[in-house]
Amino acid sequence: MTITTPNPAEAPAHSDHAAHGDHTLTGFVIFLLSESVIFLALFAGYAIYKTSSPLWLPPGVEGLEVIEPLRFTVVLVSSSGVIYLAERALHRGRLWQFRAWWLLTMAMGAVFLVGQGLEWAALPFGLGDGVYGASFYLLTGFHGLHVLTGVLLMGLMLARSFRPGNYDAGSVGVTAVSLFWHFVDVIWVVLFVLIYVWQR
Amino acid sequence: MTSTTPAPPFDPRVLKAPHPVPGAPNNWRRFLSFNTDAKVIGLQYMITALFFLLVGGLLSMIMRGELITPAADLVDPTVYNGLYTMHGTVMLFLFLFPILNGFNNLLIPPMIGAPDMAFPRLNAAAFWMVPVFGVILMASFLVPGGPSGAGWWAYPPQSIQNPLGHFINGQFLWILAVALSGISSIMGAVNFVTTIIRMRAPGMGWFRMPIFCWTAVAAQAIQLIGLPVLTAGAVLLLFDLSFGTSFYLPEGGGDPMLYQHFFWFYSHPAVYVMVLPVFGIFSELFPVYARKPLFGYHVVAIASFAITFLSLIVWVHHMFYSGTPQWMRNLFMVTTMLIAVPTGIKVFAWIGTLWGGKLRLTTAMLFSLGGVFNFIFAGITGIMLATVPVDIHVGNTYFVVGHFHTVIFSTITYGVFAGIYHWFPKFTGRMMYEGLGKLHFVLTFIGSQLTFLPMHAAGLMGMPRRVASYDPEFAFANVLASLGAFLLGVATIPFLLNLVSSWVRGEKAPPNPWNAIGLEWLLPSPPPAENFEHDVPTVISGPYGYGLGRPLVDDEERFVAKAANASTGA
Ligand code: HEM
Ligand SMILES: [Cu+2]
C-alpha cells in the first residue's frame, strides 16, 4: 500500500452515460481481436491436418489453380487502400468523394465474392470430400461470410451518409467498418498463403 | 469511513430525491422487459441462474438416486448419460456463467463509479440470449432420442453419432445452445472490459481498483481469447454431425484429437473464468470482515493476470491419457504445476489478511472461509492430478469428479453464496436473515463434505466416472455421497426462503450495513438508476484502507450523508 498521494486522474471523467464514440471503438477493437482468434484456431487446425493427415488431397485432385485466385486477391487487398481514400475524403469533409471511394470498395468486395463463387463452382471436389475438401470450403466460406458482412455494413453506412447531420457527432461507424475491412483483408492474405501458396 | 468517522454534518444540498428510472417501470415487471440498466440486468442474470441451479440440482439428485445402489435400477443407462451431460452443461453455462455475469453487472459500474455499462443495449441483448439458449437446451429432453449423452466434453466420435437420423437431435441442440452461450459471453466480455478500461471514476488508477474488477478483467480476457477457439471446434463438430464432413473422422483423414485440443484450450481456462471472480469476492470480503487491509494488494492484483496467462497453456493436462506424446505430457505437467504459484499467492494473501484480524462471522464470511478451506484441499488434489503418473492411474475415475466438484461447488458456489449474502442489502435495499443464512451454511458445509470427500476415495479405489452401475465394493462411498447430495438439496430450502422473504419483507438496509469501504457503499441501498449520476466522487486512495483512517474519496462525508438521506427518504 504505497499509494498515498492522489495520482493524476488517468481515467477520463464521464460526463455522459451514453456509449461514447471512443468507447465504441475500444469495444470494437476488443471484439476484432477476439474474432481473429477464431481464424487463428482454424488456421492452426488446417496446418495440423495439412502436415499430419494420412489422407489429404481427395483422389484425382492435383491441387488448386493459383493464378485466377491471385487476381481476385489483388482486387481485395487493394480495396484496403481505396477504403483509406474514402476515409480521408470524409475527414476532409468531401462527402461525395467519400461516397464514390466507399462504393468502389464495396464493388471490389463484391467482385471478390463473385470470383470465389466462380472458383467454387468449377472445383472438382466438394465439402464431403475428406478433410481437405471440408477444410477448404469451411475456411474460404467463413472468410467469405466476413467479406459479405463487410459489404453489407458498408451499404448501411452509405445509406446513413445521406441522413442530414449524420457526421455531426463524428464518424465512428465508418472508422469501425473500415477497421473491419482491413481485418478481413489481412485474414485473406494469411489464408491465401496457407491454402494456395503452401501446396507442396 | 471507518467507524471512527464523526457523524457527517447536515448538508441541505443533498436534500434531493434519487432520480426516477427514466422510462422504466419501477416494479417487478421491469425484470421481464428489455431493460438496459445494468442493475436490473444483473438481477435478471441472478434470478435466471438460480432457477437453473435448481434445474441442474434436480438432475444431480436423480443421478445420486441412481447411484445409491450398485445396479442401474432407477433410470436406464442411456438416460443416465443424458442426465450427466445436461447436469454439467446446465451448471456451467446456465448457472455459473450467468450468475457471475450477474455479479459483474451489479458490481462493476458502482465499484468504479460508472453510471452503467459502456454498451447498455448490447448488455441487455447478451442477457436475453440466456433464457433463449436455456430453452433450446431444455428442449433437447423433448426431441426424439432425448438429450445428448456425450458429456459436457462432447468428444467425437460419440458426439457425431446420429442413430435416428433426425436433423434436429439432442446433440445438435447442445451445439446450438453452447454456441449461443459463447456469443452471449463474448458480448458480455467486450462490454465489461470496455467499461473497466474507459469508465473509471476520476482518480481511480488501475492500482486503486478493487480486486473484484481486476479479476473480472482477467476472467473476461480468457473469454475473449478462449471462446473463439471453442467456437471453431464446435463449428467443425456441427459440420461433422449435420453436414457429413470428416474433420474428426479418421476415415476421411480427420483427427478426433484436434477436437480435444480445441475443447480444452477453452474449457480449461473456463474454470478460471469461474474461479477468478470468486477470488475477487473473497478478496473483497475478507478485509471487510477482518477489519484489515487486503494483504499484498498489488501482488494479488497482478497474480490475476499471471493466472490468465498460465491458464492458457495448461490444457493438455486433460488429455494425458488420450494418447498424448510423452514430451507433451511432461511439458504440460510443468505448466500446470506452475499455476499453483499465483493461486497460492492469493491464498496466502487471504490468510495474511485474516491473521490477527477482528473476525466477524457473518454468513458471508462463513461461506468465504469455508470456500477457501475447500479450495486448499482441491488445489492439493489438482497438483496430484497434474502429475502424469498419478493421472494415468486416477484419470477418468471419481477422483477427478471429487476434485472438480470441490472447486466448482465447494469453492466457486460458496463464493457465489458469500457474494449474495454480502451484496444483497446493497442491491435490494433489504437485509437478509442471518439465522437462516447460518443454517444454510451449516447444511451446505456438511452436505458438500459428505458428498465430495467419499468420491475421492471411490476414485482412488478405481471407480470409473460416467457410469450408472458399479461394483458393490464402491457401495459405501456412494451411499455417503448420495446422502450428502440430498442434504445439499435440503440446504437450498433455507436459502430460497431467505431470499424471497428478505426481499419481500426484510428489514430495510442502510447504505453501508457492513461498514465496508468501497464506492458502491457510498451509494444508497438500492442505488439509483445511474449510481452517482453526474456527482462522481474523486478517488484519493487505494481500496481496503481498513483501520488506516484515511478517506477513500474526496469530500467523503458529503457522499455518506447524501446516501443516508436518499435511503431514509425512499
Ligand atoms: C492448482 C490448481 C489446479 C490444478 C493443478 C488442477 C489440475 C487438474 C487436472 C490435472 C485435471 C485433469 C484430471 C483428469 O481429467 O484426469 C483437472 C480436472 C478438472 N479440474 Fe482442476 N486443477 C486445479 C484447479 C481447478 C479449478 C480452480 C477448477 C475450477 C474452477 C478446476 C476444475 C476442474 C474440472 C472441471 C476438471 C474436470 C473436467 C472434466 O474432465 O470434466 N480445477 N484439474
Ligand atoms: Cu484443467
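Going by the structure above, here's the rest.
Residues numbered from 1 in each chain as written. Chains lettered and ligands numbered in written order. Predicted model: local features only at pLDDT ≥ 70, side-chain atom pairs only at ≥ 80, totals over all residues. Heavy atoms only, no water.

## Observations concerning the overall build of chain B
Part 1: Tallying secondary structure elements over chain B gives 15 helices and zero strands in all.
Part 2: Here the C-alpha atoms of chain B give a radius of gyration of 24 Å, agreeing with the 25 Å that 2.2 N^0.38 yields for 570 residues.
Part 3: Each principal axis of the C-alpha atoms in chain B carries an extent, and together these give about 80 × 50 × 45 Å.
Part 4: Counting all 570 residues of chain B, 63% fall into the buried class.
Part 5: In chain B, once contacts between residues fewer than 6 apart in sequence are set aside, the share between residues at least 24 apart is 82%. (Helix = DSSP H or I, 4+ residues; strand = E, 2+ residues; numbered from the N terminus. Rg over C-alpha atoms; globule rule 2.2 N^0.38 Å. Buried < 20%, exposed > 50% of the residue type's maximum accessible area, 1.4 Å probe, protein only. Contact = heavy atoms within 4.5 Å.)

## What about the site of ligand 1?
All names here are of chain B.
Part 1: Lining the immediate environment of ligand 1, one finds 24 residues, of which Trp-152, Val-271, Asp-391, His-403 and Arg-465 sit closest.
Part 2: Between an oxygen atom of ligand 1 and a side-chain N or O atom of Tyr-321, the distance comes to 3.1 Å.
Part 3: Breaking the shell around ligand 1 down by element, the ones donating at least two residues are helix H6 (256-290), helix H10 (363-386) and helix H12 (398-428).
Part 4: A per-element tally of the shell around ligand 1 places H12 first, with six residues.
Part 5: The class makeup of the residues in the shell around ligand 1 is 16 nonpolar, six polar and two charged. (Near = heavy atom within 4 Å. Polar contact = N/O pair within 3.5 Å; in protein donor to acceptor, adjacent residues only side chain to side chain. Nonpolar A, V, L, I, M, F, W, Y, C, P; charged D, E, K, R; others polar.)

## Some words on the interface of chain A and chain B
Part 1: Counting residues at the interface gives 40 residues for chain A and 54 residues for chain B.
Part 2: Counting the surface lost from both chain A and chain B, the interface buries some 3800 Å², and carbon and sulfur atoms represent 68% of this.
Part 3: Across the chain A-chain B interface, the total number found is zero salt bridges.
Part 4: At the boundary of chain A and chain B, one finds five residue pairs in polar contact (both at pLDDT 80 or more).
Part 5: Only helix H1 (21-52) and helix H4 (130-160) of chain A provide two or more residues apiece to the side of chain A that touches chain B.
Part 6: Element by element, the count of residues in the side of chain A that touches chain B is highest for H1 of chain A, at 15 residues.
Part 7: Residues belonging to the side of chain A that touches chain B are distributed by class as follows: 21 nonpolar, 17 polar and two charged. (Buried area = accessible area lost by both parts, 1.4 Å probe. Salt bridge = Lys/Arg side-chain N within 4 Å of Asp/Glu carboxyl O.)

## Remarks on the coordination of the copper ion (ligand 2)
Residue and element names in this part refer to chain B.
Part 1: The coordination sphere of the copper ion (ligand 2) contains the protein donors His-268 (ND1), His-317 (NE2) and His-318 (NE2), at a distance range of 1.8 to 2.0 Å.
Part 2: In the primary structure, the donors to the copper ion (ligand 2) are separated according to the pattern H-x48-H-H.
Part 3: In this structure, the copper ion (ligand 2) lies 4.7 Å away from the iron atom of ligand 1. Here the residue His-268 occupies a position in helix H6, and His-317 occupies one in the loop between helix H7 (297-311) and helix H8 (326-338), the gap between them amounting to 49 residues. Neither His-268 nor His-317 differs from the other in exposure class; each is buried. (Donors = N, O, S within 2.8 Å, 3.2 Å for Na, K, Ca; no water.)

## Description of empty space enclosed by the protein
One way to see where empty space is left: roll a probe the size of a water molecule over the atoms.
Residues and elements named next belong to chain B.
Part 1: Under the defined criterion, the tally for this structure stands at eleven cavities of 30 Å³ or more.
Part 2: Approximately 80 Å³ is the volume found for the largest cavity.
Part 3: Around the largest cavity sit Met-111, Met-204, Arg-208, Pro-210, Glu-284, Ile-517, Gly-518, Leu-519, Glu-520, Pro-543, Tyr-544 and Leu-552, which together line it.
Part 4: Residues belonging to the lining of the largest cavity are distributed by class as follows: eight nonpolar, one polar and three charged. (1 Å grid on protein atoms, 1.4 Å probe; cavity = no way out; pocket = protein on both sides within 12 Å on 5 of 7 lines; lining within 4 Å. Points joined across faces, edges and corners; volume = space filled by probe spheres on them.)

## Some words on the coordination of the iron atom of ligand 1
Geometry reference: four tetrahedral donors at a metal, ideal angle 109.5 degrees. Six octahedral donors, ideal angles 90 or 180 degrees.
Part 1: Donor atoms from the protein around the iron atom of ligand 1 number only one, His-403 of chain B (NE2), found at 2.2 Å.
Part 2: Looking at the element boundaries, His-403 of chain B is found in helix H12.

## Some words on the pattern of salt bridges
Part 1: Scanning the entire structure with this criterion turns up five salt bridges over all chains.
Part 2: Arg-71 of chain A serves as the salt-bridge partner of Glu-68 of chain A, at 2.6 Å between the closest nitrogen and oxygen. Taken together, the positions of Glu-68 of chain A and Arg-71 of chain A, both in helix H2 (residues 67-91) and three residues apart, correspond to about one turn of that helix.
Part 3: Residue Arg-558 of chain B is joined to Asp-535 of chain B by a salt bridge in which the shortest nitrogen-to-oxygen separation is 2.9 Å. Of this pair, Arg-558 of chain B sits in helix H15 (residues 556-569) while Asp-535 of chain B sits in the loop between helix H14 (475-505) and H15, and the two are 23 residues apart along the sequence.

## Describing the packing of aromatic side chains
Part 1: A complete count under the given rule lists 64 aromatic pairs over all chains for this structure.
Part 2: Ring geometry for Phe-39 of chain A against Phe-142 of chain A: centres 5.1 Å apart, planes inclined by 40°, an arrangement best described as tilted. With Phe-39 of chain A in helix H1 and Phe-142 of chain A in helix H4, this residue pair connects regions lying 103 residues apart in the sequence.
Part 3: The exposure class assigned to Phe-142 of chain A is partly exposed, which follows from its relative accessible area of 23%.
Part 4: Each ring, one from Phe-263 of chain B and one from Trp-264 of chain B, has its centre 4.9 Å from the other, and the planes form 85°; the classification is edge-to-face.
Part 5: According to the relative accessible area criterion, Phe-263 of chain B is buried, its value standing at 2%. (Phe/Tyr/Trp six-rings, centres within 6.5 Å; stacked < 30°, edge-to-face > 60°.)

## Focus: the environment of Leu-90 of chain A
Residues and elements named next belong to chain A.
Part 1: Relative to the helices and strands, Leu-90 resides in helix H2.
Part 2: Here the alpha-carbon distance between Leu-90 and His-143, two residues 53 residues apart in the chain, equals 28 Å.
Part 3: Not counting chain neighbours up to four residues away, the residues in contact with Leu-90 comprise Leu-95, Phe-98, Tyr-167, Ser-171 and Val-174.

## A closer look at the packing of H2 of chain A against helix H3 (residues 95-122) of chain A
All names here are of chain A.
Part 1: The contact between H2 and H3 brings their axes to 8 Å, and the two run at 165°. Relative to H3, the element H2 lies roughly antiparallel. Helix-helix and strand crossings are classified by hand; for H2 and H3 the assignment is left-handed. In this structure, H2 uses Pro-69, Phe-72, Val-75, Leu-76, Ser-78, Ser-79, Val-82, Ile-83, Leu-85, Ala-86, Ala-89 and Leu-90 to contact H3, whose residues at the interface are Leu-95, Gln-97, Phe-98, Trp-101, Trp-102, Leu-104, Thr-105, Met-108, Val-111, Phe-112, Gly-115 and Glu-119.
Part 2: Grouping the constituent residues of the contact of H2 with H3 by class yields 18 nonpolar, five polar and one charged. (Axes fitted to C-alpha atoms, helices over the stretch in contact; angles between N-to-C directions. Parallel < 35°, antiparallel > 145°, perpendicular 65-115°, else oblique. Left-handed = near helix turned anticlockwise from the far one by under 90°.)

## Brief notes about the environment of Arg-99 of chain A
Residue and element names in this part refer to chain A.
Part 1: Mapped onto the fold, Arg-99 is located in helix H3.
Part 2: Judged by relative accessible area, Arg-99 falls into the buried class, the value being 8%.
Part 3: In the structure, Arg-99 is positioned 66 residues away from Gly-165 in sequence and 15 Å away in space, judged by C-alpha atoms.
Part 4: In contact with Arg-99, other than residues within four places in its own chain, are Leu-158, Ser-161 and Phe-162.

## A closer look at the nonpolar core
Part 1: Of all hydrophobic cores here, the largest spans 237 residues; its most connected members are Trp-102 and Ile-195 of chain A together with Ile-99, Phe-103, Tyr-248, Trp-423 and Leu-519 of chain B.
Part 2: The element best represented in this core is H6 of chain B, accounting for 23 residues.
Part 3: For Leu-519 of chain B, the residues in contact, after removing those within four places along its chain, are Pro-110, Met-111, Ile-112, Gly-113, Ala-201, Met-204, Phe-532, Pro-537, Val-539, Leu-552 and Val-553 of chain B. (Core = buried A, V, L, I, M, F, W, Y, C linked by side-chain atoms within 4.5 Å.)

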